[in-house]
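Here is what each chain is made of, one letter per residue.
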Amino acid sequence: MSESPDHPSPHPVDARPPLPQLVLGGIQHVAAMYAGVVAPPLVIGAAVGLSPGQLSLLISASLFTAGLATLLQTLGLWRFGARLPLVNGVTFASVAPILAIAEQHKSGGALGVVYGATLVGGLFVVLAAPFFSKLTRFFPPVVTGTVITLIGVSLLPVAVQWISAQRPAARPSGLLLAGVTLLAVLVFTRFLSGFWSRIALLLGLVAGTLVAWPLGEVDASTLKQAPVFGIVTPFHFGAPVFDVAAIVSMAIVMLVVMAESTADLLALGEIVGRPTTSRTLADGLRADGLATAVSTIFGGFACTAFAQNIGLVSLTRMVSRYVVAASGVVLVVLGVLPVTGGVIALVPQPVLGGAGLVLFGSVAVSGVRTLAKASFEHPANVAIVAASLGIGLIPIALPDFYSGFPAALQVVLNSGISAGCLTAVVLNLAFGERLIERSSAKELSSVS
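Not measured: the values here are computed from a predicted model. (Residues numbered from 1 in each chain as written. Predicted model: local features only at pLDDT ≥ 70, side-chain atom pairs only at ≥ 80, totals over all residues. Heavy atoms only, no water.)

Trainee: Quick one: what's the story with the side chain of Thr-65, residue by residue and with numbers?
Mentor: Position of Thr-65 among the secondary structure elements: in helix H2 (residues 52-75). Apart from the residues within four sequence positions on either side, Thr-65 is in contact with Ser-295, Phe-298 and Gly-300. (Helix = DSSP H or I, 4+ residues; strand = E, 2+ residues; numbered from the N terminus. Contact = heavy atoms within 4.5 Å.)

Structure, rendered in structure tokens:
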């Protein structure tokens, strides 16, 4: 029975799947991003010398605040939230500046200075969002497609690092687990139908973990040691301390975060068939800023979109924002009940890596699909894509390439996504189709 004109069917983004699909889809999203959201607090906590108990609380705080940020982005509150299937969590772009701030204030109160700078950085994003959102006109398909492709390609080394379990070389067991998981995801995607094909990644992770168990590759110590209940009280790690140098450093980082979030929002809009407007972008950036500011109260850090989950949306075609909202609920539960997070932590890194190859590759495929909308009859467009991808891949190919540059420039250049995005925008303004069309129009008018 078709919908009446008076009651049109909602956009798939706004559709509400049945509860079982919400729960399993939400768990699948959390499984895809869990390693990414716990890595920054692990690095930061170790750098400032937290005890294992305190470190566990810091991780719980990051999970809890990631859940709040995800709920704000997906469900929205007034002009805060893109209302798209966007998972939010701690951005790794903030880790290097935070470590630098911690080093400068290691005599005491380092985390307080970090939280003070992060709080101001979040408020800065809220205020800057309306102005930053006007940049959407600088993102035609030739730019958007390049950036989306670069997001996918930039994430692929993460999957490779997972396969090798952060070692210089992969072990045979790691390659076996990654291969089994990759094959399982492909088989489930190809031969299952309906909802089951949409949770192929989750099923693949389960299959890979089951194979890893008898091989002794599953570390259950995290599950055994994790407390059942543990929530961070407000300002547990110290009240915000406001240091001008730290605030300036964090403001620069938040500009990079805004650029990456813009790219992610544009990519997601293309994938779900609801193009990102200036208003959507402003609302999404505001949510990033508010979530970042609020996260400092509970011991979290700067929040941004997780590109790996955009790949999951592209791969599974589960575009409902309510599925991702369910993942926000799961993250909040993980933050309050650390023992449940230990269950997800059972998945070995090589298993995550095998799934990540498909997951991140699907983002790059979405970028190629967007690039197909651009006209490559103009050689300029070919040059724009080629140069932007090349510059974006520099920090991926050689991470220390910009080590001799000033710290402020390194923040931008060491992010291949930001560097490539900036290059694509500038080159498109200088040599893009609009300029060519304008020149052709002038030539025609002079002839006539």
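Picking up where we left off.
Trainee: Tell me about the confidence of the model for the protein chain, residues and numbers included.
Mentor: Across the protein chain, the average pLDDT comes to 84, with 91% of residues at or above 70. Low confidence marks residues 439-448, where pLDDT is under 50. Its contacts with residues over four positions away, or in another chain, come to 0 contacts. (pLDDT = per-residue confidence, 0-100.)

Trainee: How would you sum up helix H15 (residues 349-371)? Please name residues and give values.
Mentor: In this model H15 runs 32 Å from its N-terminal to its C-terminal C-alpha over 23 residues, within 8% of the 33 Å that 1.5 Å per residue would give. The largest bend in H15 amounts to roughly 35° and is located at Gly-356. Buried residues dominate H15, accounting for 18 of its 23 residues. (Expected span 1.5 Å × (residues − 1). Bend = angle between axes of the 7 residues up to and from the residue. Buried < 20%, exposed > 50% of the residue type's maximum accessible area, 1.4 Å probe, protein only.)

Trainee: Let's hear about the packing of helix H5 (residues 141-163) against helix H10 (residues 244-272): which residues, and what values?
Mentor: Close contact between H5 and H10 brings their axes to 9 Å; oriented N to C, the two are set at 100°. One finds that H5 runs roughly perpendicular with respect to H10. Along its contact with H5, which presents Thr-144, Val-147, Ile-148 and Ile-151, the element H10 presents Ala-263, Asp-264, Leu-266, Ala-267 and Glu-270. (Axes fitted to C-alpha atoms, helices over the stretch in contact; angles between N-to-C directions. Parallel < 35°, antiparallel > 145°, perpendicular 65-115°, else oblique.)

Trainee: Describe the pattern of salt bridges, naming the residues involved and giving the relevant values.
Mentor: This structure, assessed with the given rule, holds 7 salt bridges. Between Glu-270 and Lys-373 there is a salt bridge whose closest N-O contact spans 2.7 Å. One end of the pair, Glu-270, is in helix H10; the other, Lys-373, is in the loop between H15 and helix H16 (379-397), and 103 residues separate them in sequence. Taking relative accessible area as the criterion, Glu-270 reaches 31% and is therefore assigned partly exposed. A network of salt bridges, in which partner residues are shared, links Arg-79, Arg-279, Asp-283 and Arg-286. (Salt bridge = Lys/Arg side-chain N within 4 Å of Asp/Glu carboxyl O.)

Trainee: Tell me about the environment of Gly-112, residues and numbers included.
Mentor: Structurally, Gly-112 can be placed in helix H4 (residues 110-132). When the C-alpha atoms of Gly-112 and Val-160 are compared, they prove to be 35 Å apart, with 48 residues separating the residues in sequence. Among residues more than four places away in sequence, those in contact with Gly-112 are Phe-237, Ala-239, Pro-240 and Val-241.

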